[in-house]
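Okay, here's what each chain looks like letter by letter:
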Amino acid sequence: MALKKKPVTGMKDILPKEMEIRDYVIRLIKETYGTYGFSSIETPCVEHIESLCSKQGGENEKLIFKILKRGEKLKLDTAECEADLVDSGLRYDLTVPLSRYYANNSSELSAPFKALQMGNVWRADRPQRGRFRQFMQCDIDILGEPSILAEIELILATTTLLGKLDFKNFTIRINNRKMLKAMAAYCGFSEGEYDNVFIILDKMDKIGMEGVQDELLTAGYEKEAVDRCIELFQTVTNDIDGVRYLKETLGDHLEAGTAEDMETIISMVEETKTADFKMCFDPTLVRGMGYYTGPIFEISMDEFGGSVGGGGRYDEMIGKFMGNDTCACGFSIGFERIVMLLLERDFAVPSAAKKKAYLIDKKAAPEKMKEVLLKAEKERAAGYRISINVMKKNKKFQKELLAKDGYTEIEEFFAD
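The structure contained in this document is the topic of the report that follows. The shown structure was predicted, so the numbers you read here are calculated from the model rather than taken from an experiment.

Let's shift gears to the overall build of the protein. In terms of helices and strands, the protein carries 14 helices and 14 strands. Overall, the protein is about 90 × 65 × 45 Å in size when its C-alpha atoms are taken along their principal axes. Taken across its 416 residues, the protein has 47% of its residues classed as buried. By sequence separation, contacts in the protein at least 24 residues apart represent 68% of the contacts at least 6 residues apart. Split by element, the accessible area of the protein, about 22,100 Å² in all, is 50% carbon and sulfur.

Next comes the structure, spelled out in C-alpha cells:
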C-alpha cells in the first residue's frame, strides 16, 4: 500500500512563502507585546484530561483529541468506560493551560503577571476557510489585575499589533457577561436557562432577530420572556448610549459599576488608540467559552467576514486549580486567519537584507566553487541573504522561481 502524501484532514503543510510571513508576524508580535510589558511563556501541548474537561471550554470540550493511557496503564480488555482508557489530551486553547501554569508557578511570577503565549492547539473541528484542526494561537493575558486597566491594555496592545500589520477599519465588539445575565433576568428567563438562551442569542449575526425569536420559541421558552428579549435588543444601540440605556432599563438586575466600567473601557480606548479601528458595544456578543465572567470582546474584519480574535475576563478559572480565585483577563488573535488574510493580499515581508542568488555552472572546477563560497561569505557579512545554486539546464525557469522567492539579484558563475 502506497503511503499517503497529503496531510491528515484539517492539518496542512506550510510552504516557504507562508512560513516567511508567519515568522515575521511572530517576531512582530513578540516585539509589540514586549513594549507593553508582556513576558513570553510556554506550556506543554498535552494537559490532564480532567483539566480539559472541567466544563470551562464550552463546545470546544466536545472537540478534544484524547490520548490513551500508555504501557501497563492501558488495559483495553478490562476497560468499562472512557475514563479507564484516557488520562490526557491535546490542548484545545491556551487559557486552560495558562491557568494551570499560573497555579503551579505563581510564587515565582510578578504580580500582576502579563503573559504572552504562542503555540499550536488542536480541535477535532470541521475544517473550513481559516479553520484547521491544528492551528497556532497567540494569547496575551494579565493575571492578578482586578481593574479595567487590564481590558484597556489588552485591547490597545492587540489593536496596535494589527495596525502595524496594516489592518484598518476593523471593529472591536465588546459586551459584558454580567450585562448579558442582567438582560436575561430582566426578560424573565430563569438562571438555569441562561446558557442555552445565550447560545441562541449568539447566532444573531447569522440568523437575524427573527431567527433568534423563532429558535427561542421553538426551544420552549415563555412567549412573554422572548417578546421582552426581542424588544430589548431592537431598542438598544451599539454605542455608549446603548450602555447607558441598559443601565437605566435593567435597574437592580445589573450589578453596580458594570455599565460605568463598560463606558470607561470604550471611551478610554477610543481616546488613546494608535490604530485605525472603532469600538462597538454589541449586546448580542456572547463568546462560547463558559469561563468568562465580565467584559468580553471580539475583532471583526469585513475582509474576513467574521471574527479574527477575541477574549475577555475569566476571574474564576484559576481558582479551580489554586482553591482561591485570581483575577484574569486575556485576548487572543486568530493567528491563522491573520496570516491567511496577509497571504490573500499578497503581503510582502519588510526586509532590510537584500536577497541575491548565485548560479554556478555544474562544470565549474573546485577553485571556482571556492571563489563563489568566499564571495558569498563577504556578501552575507555585509548584510545580504545569499543562496548558492547549481545552474539548471532550464536556466530561465530557475531564475523565475528564484525571483518569485524574492531574489532580486541573480549572478552567474561559469566554468573557466
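Past the structure itself, the notes keep going.
Moving on, we get to the packing of helix α1 (residues 16-35) against helix α4 (residues 149-164). Taken N-terminus to C-terminus, the directions of α1 and α4 make an angle of 135 degrees; their axes are 10 Å apart at the nearest point. Judged by the inter-axis angle, α1 sits oblique to α4. Along this stretch, α1 crosses α4, giving a crossing that reads as right-handed. The segment α1 lies against α4, with L28, I29, E31, T32 and Y33 engaging A157, T158, T160, L161 and K164. Its residues assigned to classes, the contact of α1 with α4 comprises five nonpolar, three polar and two charged.

Here we take up the layout of surface pockets. What the second largest pocket holds in volume is close to 680 Å³. In terms of lining residues, the second largest pocket is bounded by 22 residues, among which E20, K355, K404, D405 and G406 are the most central. Those elements that place two or more of their residues in the lining of the second largest pocket are α1 and α14 (395-404). Broken down by element, the residue count for the lining of the second largest pocket peaks at four residues, all from α1. Tallied by class, residues from the lining of the second largest pocket come to 11 nonpolar, three polar and eight charged.

It is worth spelling out the sheet that holds strand β13 (residues 385-390) at this point. Judged by pairing direction, the sheet is parallel, and its three strands sit side by side in the order β13-β12-β14 without closing on themselves. In this open sheet, the two strands that pair with only one neighbour each are β13 and β14 (409-413). Neighbour to neighbour, the strand axes of the sheet diverge by 20 degrees on average, direction disregarded. Here strand β12 (residues 355-360) pairs with β14 via five bridges, running parallel. Across the sheet, the residue bridging to K356 is E409, located in β14. Running at roughly 165 degrees to β13, helix α13 (residues 366-381) makes contact with β12, β13 and β14 of the sheet.

What follows concerns the packing of helix α7 (residues 204-218) against helix α8 (residues 223-235). For the pair α7 and α8, the least separation of the axes is 10 Å and the interaxial angle reads 160 degrees. When the axes of α7 and α8 are compared, the pair comes out roughly antiparallel. Handedness of the α7/α8 crossing: right-handed. Two secondary-structure elements touch here, α7 through M209, V212, Q213, L216 and L217 and α8 through K223, V226, D227, C229, I230, F233 and Q234.

Glycine aside, a negative phi is what most residues show, and trans is what most peptide bonds show. In this structure, P112 follows A111 across a cis peptide bond, with omega equal to -5 degrees. For P112, the location among the structural elements is in the loop between α3 (95-105) and β5 (113-122). We note that D166 has phi near 70 degrees; this positive angle belongs to a residue other than glycine. Tracing the backbone shows D166 in the loop between α4 and β7 (170-176).

Before going further, it helps to examine the sheet that holds strand β3 (residues 66-68). If you trace the three strands from one edge of the open sheet to the other, you get β2-β4-β3, paired in antiparallel fashion. The two strands at the open ends of the sheet, each matched to only one other strand, are β2 (46-48) and β3. Ignoring strand direction, the axes of neighbouring strands in this sheet form an average angle of 40 degrees. Here β3 runs beside strand β4 (residues 86-90); their pairing, made up of three bridges, is antiparallel. Following the sheet pairing, I67 is matched in β4 by S88.

Calculation notes
- Residues numbered from 1 in each chain as written.
- Predicted model: local features only at pLDDT ≥ 70, side-chain atom pairs only at ≥ 80, totals over all residues.
- Heavy atoms only, no water.
- Helix = DSSP H or I, 4+ residues; strand = E, 2+ residues; numbered from the N terminus.
- Buried < 20%, exposed > 50% of the residue type's maximum accessible area, 1.4 Å probe, protein only.
- Contact = heavy atoms within 4.5 Å.
- Areas by Shrake-Rupley, 256 points an atom, 1.4 Å probe, with all protein chains shown as cover.
- Axes fitted to C-alpha atoms, helices over the stretch in contact; angles between N-to-C directions.
- Parallel < 35°, antiparallel > 145°, perpendicular 65-115°, else oblique.
- Left-handed = near helix turned anticlockwise from the far one by under 90°.
- Nonpolar A, V, L, I, M, F, W, Y, C, P; charged D, E, K, R; others polar.
- 1 Å grid on protein atoms, 1.4 Å probe; cavity = no way out; pocket = protein on both sides within 12 Å on 5 of 7 lines; lining within 4 Å.
- Points joined across faces, edges and corners; volume = space filled by probe spheres on them.
- Pairing = 2+ DSSP bridges.

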